[in-house]
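Results of the structural survey
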Amino acid sequence: MNMNNRFDAIVVGGGPAGSTCAHRLKRQGKNVVIFDKKQFPRVKPCAGWITPQVIESIQLDMADYAKQNTLQPITSFRTGILGRRLVETRYETPVSYGIRRVEFDDYLLRQSGVDCHHESISQIERAGGLWRINDRYETPILIGAGGHFCPVARHLRLSAAPNHSPDDQIQVHPDKSKSKSKSKSKSKSKRNGIVVFAQEVEFKITSDQDDPRHVQAERPELYFCEDLAGYGWCFRKGDYLNIGLGRIDASDLSQHVRSFCDYLRKEHKVAGDIPSKFLGHAYQLYASPSHVLGTAGALLIGDAAGLAYPQSGEGIRPAIESGILAAKVIADSTGEIDAETLSNYAGAIESRLGPARPLQQMGWLPVSWLQSVAAVLMQTRWFARTQVIEDWFLHRHTQALVE
């Protein structure tokens, strides 16, 4: 093995979770590298906002970031059931900031100072206490941060199957895993937890689309589906507009998205045709008691571990915090990911996010017997502010995770 191909740690995935974790591992003095098949900056579907707690956790220099990137202050929200009256919740100072993932992820990756190899992961095997990647790279520590279809996460799930062991060589084809038929979505959710399927688009607003009746830049609008299986959003970030809809039931998702866009046009939130193609993505909610967070020598972070907030599906903050926690337990360990390290990481995640429980117990939306009054609850200012915005979406009363 070429010593140039041996690393103290390999992080698979260059998004917020991966770059945050790699940055902290590097600060520990580790020789670390990131693998991500995409060239950065790259398009990443995401509504995209960060709270002041995230800014504090990553010590983001807001003035420096805003020089060349979108950083849209958010001082209010409009929320409600799709097709019914929306409630506006206002704040005197910004409670969040809109970002574009194409910019934010690239900025964090560059700020990490960690080299990124733009190479797909096609092979993972473990032997002699080391991970061997693509038959060329070796490391004792492997971090999966590649989102819902992360090849490391897939390897760990396959390794956990009855006919496999963690030391088996497994061929990984991450691109094929995305092409599964949507008809299998329900069985996937049962096997891998509760999965949100979403479609969204982000495009630059032209002069003829800029109308005062449209969505205000400082005020995202959130529209919950009438059946409470998800929600849509319309969010302006400076000169860009982000529209999307996600549901925990993938059936007829495209039709739901089309109907949502028709509604937005009718309400003058958008004008004319949407100039870009909707992109699809998926992520798992932290709402299953059977989460796989790692194995000997490996940890999963962010969406690869299925850590999106169950109430809102927001994943940037738990991704960044899980990256910080993973780096910390590694620093506190004997230099390897053993049973104690795994236990400490699982405990840190549970301490931060609470125990993973079935969706009905999490308050993602009112449980079935409350659905008949959900529209009434959504139209009350108290519920919109304290439950929907501050608890579900902003987690405003949870302090920042800092070192």
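Only a predicted model underlies this, so the values are computations on that prediction, with no experimental measurement involved.

Re the sheet that holds strand β4 (residues 72-74)
Ordered by their spatial adjacency, three strands build an open sheet running β3-β7-β4, and the pairing between neighbours is antiparallel. Strand pairing shows two members of the sheet lacking a second neighbour, β3 (49-50) and β4, which therefore form its edges. As judged from the three bridges shared by β4 and strand β7 (residues 96-98), these two strands associate in the antiparallel manner. When the sheet's bridge partners are listed, I74 is paired in β7 with S96.

Observations regarding the nonpolar core
Among the nonpolar cores identified, the biggest contains 66 residues, and I10, L25, I50, F104, L142, I143 and Y345 are the most heavily contacted of them. A per-element tally of this core places helix α9 (residues 316-331) first, with nine residues. In this structure, I243, V257, I274 and A282 belong to the second largest nonpolar core, which totals 23 residues.

A few points about helix α4 (residues 101-112)
Since the α-helix turns once every 3.6 residues, residues separated by three or four places project in the same direction. Across its twelve residues, α4 extends 16 Å between first and last C-alpha, which sits within 8% of the 16 Å expected from 1.5 Å per residue. The buried fraction of α4 is high, at ten of twelve residues. All buried positions along α4 are accounted for by R101, V102, E103, F104, D105, D106, Y107, L108, L109 and S112. Contact partners of the buried residues in α4: α1 (16-27), β2 (32-35), β3, α3 (62-66), β8 (116-117) and α9. Phi turns positive, to about 75°, at G113, one or two residues after α4.

Some words on the packing of aromatic side chains
One pass over the structure, following the stated rule, counts 15 aromatic pairs. Each ring, one from F224 and one from W392, has its centre 6.3 Å from the other, and the planes form 70°; the classification is edge-to-face. Here the residue F224 occupies a position in strand β15 (residues 221-224), and W392 occupies one in helix α12 (residues 381-393), the gap between them amounting to 168 residues. The class for W392 is buried, based on a relative accessible area of 2%. Seen from their ring centres, F224 and F393 are 6.3 Å apart, and the 75° between their planes marks the pair as edge-to-face. Linking F224 in strand β15 with F393 in helix α12, this pair joins segments that are 169 residues apart in sequence. Taken together through their ring pairs, the aromatic side chains of W49, F77, F224, Y231, W233, F235, W382, F383, W392 and F393 make up a single cluster. Positioned above the aromatic ring of Y240, the side-chain terminus of R100 is 3.7 Å from the ring centre. Geometry around Y91 places R385 over its ring, the cationic atom sitting 4.6 Å from the centre.

Digging into the environment of M62
Mapping M62 onto the fold places it in helix α3. Under the relative-accessibility criterion, M62 is labelled partly exposed at 29%. Residues in contact with M62, not counting those within four places in the same chain, are I55, L71 and Y97.

Calculation notes
- Residues numbered from 1 in each chain as written.
- Predicted model: local features only at pLDDT ≥ 70, side-chain atom pairs only at ≥ 80, totals over all residues.
- Heavy atoms only, no water.
- Pairing = 2+ DSSP bridges.
- Helix = DSSP H or I, 4+ residues; strand = E, 2+ residues; numbered from the N terminus.
- Core = buried A, V, L, I, M, F, W, Y, C linked by side-chain atoms within 4.5 Å.
- Buried < 20%, exposed > 50% of the residue type's maximum accessible area, 1.4 Å probe, protein only.
- Expected span 1.5 Å × (residues − 1).
- Contact = heavy atoms within 4.5 Å.
- Phe/Tyr/Trp six-rings, centres within 6.5 Å; stacked < 30°, edge-to-face > 60°.
- Lys NZ or Arg CZ within 6 Å of the ring centre and 35° of its normal.

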